[in-house]
Amino acid sequence: MPHALFDPLIHEPTRLQLCGLLVDEEEVEFAALRERLELAESALSKHLSALRAAGYVTVERRFGAGHGRAYAALTDRGRHAFCGHVAELQRLARVAAPRGRRHTA
């Protein structure tokens, strides 16, 4: 179980969603990520580059049948960081949840 730790790089909404899409998959094709996140190609590339610079994702280009396709995958480090970030968000949500407080009007 990863240590609960807030990660500002992952916390950015698009990168959080991106990691969420990658966490349960071995790899996901760039076009599928772009479609699911409803992003322009340049915006997705920017987010993947930020995650790749931190060692959280890999992007592999494969060529065949006259065209190339890119695939993204979380690294072990990225999976650990994402799971730790989610654990911290869950911890914060528990702290913020009302506990038997009575509302007075």
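Residues numbered from 1 in each chain as written. Predicted model: local features only at pLDDT ≥ 70, side-chain atom pairs only at ≥ 80, totals over all residues. Heavy atoms only, no water.

Brief notes about the packing of aromatic side chains
Tallied over the full model, the rule gives zero aromatic pairs. Note that arginine 62 overlies the ring of tyrosine 71, its terminal NZ or CZ placed 4.2 Å from the centroid. (Phe/Tyr/Trp six-rings, centres within 6.5 Å; stacked < 30°, edge-to-face > 60°. Lys NZ or Arg CZ within 6 Å of the ring centre and 35° of its normal.)

Describing the pairing of strand S2 (residues 57-64)
One ladder, built from eight bridges, connects S2 with strand S3 (residues 67-74); its direction is antiparallel. What sits directly across from glutamate 60, in S3, is tyrosine 71. Linking two consecutive strands that pair antiparallel, namely S2 and S3, is a turn of two residues; a positive phi of about 55° is found at alanine 65 within it. (Pairing = 2+ DSSP bridges. Helix = DSSP H or I, 4+ residues; strand = E, 2+ residues; numbered from the N terminus.)

A closer look at the environment of arginine 36
Examined against the element boundaries, arginine 36 turns out to sit in helix H3 (residues 30-37). On a C-alpha basis, the gap between arginine 36 and histidine 67 in space is 22 Å, while along the polypeptide they are 31 residues apart.

A short note on the nonpolar core
With 22 residues, the main nonpolar core has Ile10, Leu18, Leu22, Leu33, Leu44, Leu48 and Leu51 as its most contacted residues. Every element with two or more residues in this core is listed here: helix H2 (13-22), H3, helix H4 (41-53), S3 and helix H5 (76-96). A per-element tally of this core places H2 first, with four residues. Ignoring sequence-local partners within four residues, the contact set of leucine 51 consists of Leu9, Ile10, Arg15, Leu18, Cys19, Tyr56 and Val57. (Core = buried A, V, L, I, M, F, W, Y, C linked by side-chain atoms within 4.5 Å. Buried < 20%, exposed > 50% of the residue type's maximum accessible area, 1.4 Å probe, protein only. Contact = heavy atoms within 4.5 Å.)

Some thoughts on the pairing of S3
Here two bridges tie strand S1 (residues 28-29) to S3, and the two strands are oriented antiparallel to one another. Residue glutamate 29 lies in a different strand from S3, and its bridge partner there is tyrosine 71.

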